[in-house]
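If you want the building blocks of each chain, they are given just below.
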Amino acid sequence: MDRMRKLQSVLMCLAALLAASCGANAANALLVQPSRQVEATLAVASSTRSVPTEPVPTAIVTSTSESACPPSVTIKPPSMSRFDTIEGSGAIAYSGDGLELVFPQTKSTIIVHSLTRLGLDGVDGNFVWSPSGTRIAFLYTDLRPEGCPRGYLMLADLSQGEVHPLTPAYAQYSRLAWSPDSEWLAFTDEVGHLKVMCVGSGEELTISDQALGLSTPTWLDTKHVVYIRPTGVKNQADLVSQPLDRSAPRILLKNVSQLEEFSLSPDGRSMAYFGGALYLVDIQSGNMKNLGLESSERLQWSPNGEYLLGRGGMAGIYLVQPKVSTTVTQMSFLGLPGSQQTWAPDSRQFAALIGPDDGLPSIGIYHVDTQTFEKLSVTVRFPHALAWSTR
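Remember, predicted model here, so these are calculated numbers, not experimental data.

Conventions adopted
In this convention, every chain numbers its residues from 1, walking through the sequence in written order. Note on the predicted model: pLDDT of at least 70 is required for a residue's local features to be given, and 80 or more for side-chain atom pairs to be given and counted; whole-chain, interface and lining totals, by contrast, use all residues. Only heavy atoms go into the side-chain values, all of them from the structure, while hydrogens and water stay out. We count a stretch as a helix when DSSP gives it H or I for four or more residues in a row; a strand needs E for two or more, and each element gets its number in order from the N terminus. The classification of residues rests on relative accessible area computed with a 1.4 Å probe and restricted to protein chains. Under 20% of the type maximum is buried, over 50% is exposed, and intermediate values are partly exposed. Contact criterion: two residues are considered in contact whenever any of their non-hydrogen atoms come within 4.5 Å of each other. A 1.4 Å probe and the Shrake-Rupley method give the accessible areas. Residues count as covered only by the protein chains that appear here. Contacts described as polar in this section are N or O atom pairs within 3.5 Å, which, within protein, must combine one atom able to donate a hydrogen with one able to accept it, while residues neighboring in sequence count only if both atoms come from side chains. To pair, rings of Phe, Tyr and Trp, with the six-membered ring standing in for Trp, must have centres within 6.5 Å; the planes then decide the type, stacked if under 30 degrees apart, edge-to-face if over 60, and tilted in the middle. Note on terminology: a nonpolar core comprises buried Ala, Val, Leu, Ile, Met, Phe, Trp, Tyr and Cys residues joined through side-chain atoms within 4.5 Å. Every case where a carboxyl oxygen of Asp or Glu lies within 4 Å of a side-chain nitrogen of Lys or Arg is listed as a salt bridge. The pairing criterion is simple: DSSP has to find at least two bridges between the two strands. Only C-alpha atoms enter the line fits that serve as axes; for helices the fit covers just the stretch in contact. Angles between N-to-C directions range over 0 to 180 degrees.

> Describe the overall build of the chain, listing the residues and the values that go with them.
For the chain, the helix and strand inventory stands at three helices and 33 strands. Counting only residues that meet the buried cut, the chain has 53% of its 391 residues in that class. The long-range fraction of contacts in the chain, counting pairs at least 24 apart against all pairs at least 6 apart in sequence, stands at 44%. Accessible surface, the chain as shown: approximately 17300 Å² in total, 49% of it carbon and sulfur.

> Can you break down the side chain of histidine 113 residue by residue, with the values?
With respect to the helices and strands, histidine 113 occurs in strand E8 (residues 108-114). Residue histidine 113 is classed as buried on the basis of its relative accessible area, which comes to 0%. Only 2.8 Å separates the side chain of histidine 113 from the side chain of aspartate 124, close enough to count as a polar contact. Not counting chain neighbours up to four residues away, the residues in contact with histidine 113 comprise Pro78, Ser81, Asp97, Gly98, Leu99, Leu118, Asp124, Phe138, Met154 and Val163.

> Now, about the packing of aromatic side chains: what can you tell me, with residues and values included?
The relation between two aromatic rings is expressed through the spacing of the ring centres and the mutual angle of the planes. Applying the stated criterion across every chain, the model contains seven aromatic pairs. Members of the aromatic cluster, each reached through a chain of ring pairs, are Tyr307, Trp343, Phe350 and Tyr366.

> Break down unusual backbone geometry for me, citing the residues and quoting the values.
With a phi close to 65°, arginine 246 is a non-glycine residue in the positive phi region. Locating arginine 246 in the fold gives a position in the loop between strand E19 (236-243) and strand E20 (250-257). For asparagine 255, which is not a glycine, the phi torsion comes out positive at approximately 55°. Within the secondary structure, asparagine 255 sits in strand E20. The class for asparagine 255 is partly exposed, based on a relative accessible area of 39%.

> Break down the nonpolar core for me, with residues and values.
It is characteristic of soluble globular proteins that their nonpolar side chains tend to be buried jointly. In this structure, Ile86, Leu99, Leu101, Val112, Phe127, Trp129 and Ile136 are the most contacted members of the largest nonpolar core, which totals 25 residues. For this core, the elements supplying multiple residues, two or more each, are strand E7 (98-103), E8, helix H3 (115-118), strand E9 (122-129), strand E10 (135-142) and strand E11 (151-157). Leaving out residues up to four positions away in the same chain, isoleucine 136 has contacts with Ala93, Leu99, Leu101, Phe127, Val128, Trp129, Met154, Leu155 and Ala156. In this structure, Leu253, Leu264, Tyr273 and Val281 belong to the second largest nonpolar core, which totals 15 residues.

> Break down the pattern of salt bridges for me, with residues and values.
On inspection of all chains with the given rule, the structure shows eight salt bridges. For aspartate 189, the salt bridge is made with lysine 195, and the minimal N-O distance between the two is 3.8 Å. Judged by its relative accessible area of 16%, lysine 195 falls in the buried class. Salt bridges sharing common partners tie together Asp189, Lys195 and Glu204.

> Which residues make up the pairing of E9, and what are the values?
For E9, the tally of buried residues reaches eight of eight residues, placing the bulk of the element in the interior. By the bridge criterion, six bridges tie E9 to E10 in an arrangement that is antiparallel. For glycine 125, the partnering residue across the bridge sits in E10 and is leucine 139.

> Explain the sheet that holds strand E25 (residues 297-301) to me, using residue names and the numbers behind them.
In any sheet, the strands associate via hydrogen bonds between backbone groups, in a parallel or an antiparallel arrangement. One open sheet holds the four strands; their spatial order is E25-E26-E27-E28, and the pairing between them is antiparallel. Taken across any chain shown, the strands that pair with only one partner, and hence form the sheet edges, are E25 and strand E28 (328-331). Taken pair by pair, the neighbouring strands of this sheet meet at an average axis angle of 20°, ignoring direction. Alignment of E25 against strand E26 (residues 308-311), held across three bridges, turns out to be antiparallel. Along E26, the bridge assignment pairs glutamate 297 with arginine 311.

> So, the environment of glutamine 330: which residues are in play, and what are the values?
Residue position: glutamine 330 is located in strand E28. Distance from glutamine 330 to isoleucine 317, taken between C-alpha atoms, is 6.1 Å for residues 13 residues apart in sequence.

> Give me the lowdown on the sheet that holds E19, citing residues and values where you can.
If you trace the four strands from one edge of the open sheet to the other, you get E17-E18-E19-E20, paired in antiparallel fashion. Bordering the open sheet on either side are strand E17 (218-221) and E20, each of which pairs with just one other strand. Pairwise comparison of adjacent strand axes, ignoring direction, gives a mean angle of 30° for this sheet. Bridging between E17 and strand E18 (residues 224-230) involves three bridges; their strand directions are antiparallel. Residue pairing across strands places aspartate 221 opposite histidine 224, the latter belonging to E18.

These results come straight from atomic positions and should not be treated as a statement about function.
Written out as structure tokens, the structure is:
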């Protein structure tokens, strides 16, 4: 019986993962709903605090997309939920029964947004901490509409003790990007609109309608967003810096083949991107190095700009130290397909998924200096979304 429950849990979470990454057709074939009661409490050290929530309304939403989504679906958007204020320094956000935080030093866990308690059939993921370390932007993806991995843009404010939708729009969103001042979020939608949202006021602006749909943008500084812009030629795109005031953009890279993902270094001088292979580029000089990887995703610079972290498909996580060498260190025992890895603010550690142990994967922490990893087993659900606090 225990083995069957574990198998059900794995299948359910794999379905959630596939749906959240735009593979919902396959996910629906796998989706299993094991019945179990989850205690939605806050557990910090030895204290336990209950989580009051508001009733969840039902809404009828009409889709205007030309995708496989049904023209009209009934969904339950998340309502505001509240919790005791939290000091999130050092915490790792991950997807358990919603949004949960684990503190590596104490291994204590906090449930911030419990989907089970809210009665929602979806998954929280794509967590992004604000540079201030007090807010987490994330996506709630509803899994029920067949072939329709849509959801809501959400915000967890740890200093205020609340989680609420940032927009009523039921749609597809790219991964999110915070501005350096923690005031704005940037993202793209499925039709190629590059949008920014002022988190304080809720104001939303479309600053370009030429982005690659659902590609992740990033911030060059507080006034410029970098994004991928298709050229109209098959498999070619430009990398463009767009001012918030919607004035003329500046092309950083032109006519790049198979451009799928990129990441700017913290000082804004270097860029890593995948365009058929993994490249490192000096933005000012244009000098380029080919690291030769055949696949790459989830590129992340360490906060100090010393390391580049990514995942090469089934080959697992790799690590590069660009200022020292272009040698790629492969760590095939870490990084499961569909997962993500995340740096600690000290740049000496990163968290990732360790391969299945007793049927389930777990979160592990890799120590760069000692080249060792430790297991941080915190959940029986598939923790596919990871994000370490920025402070």
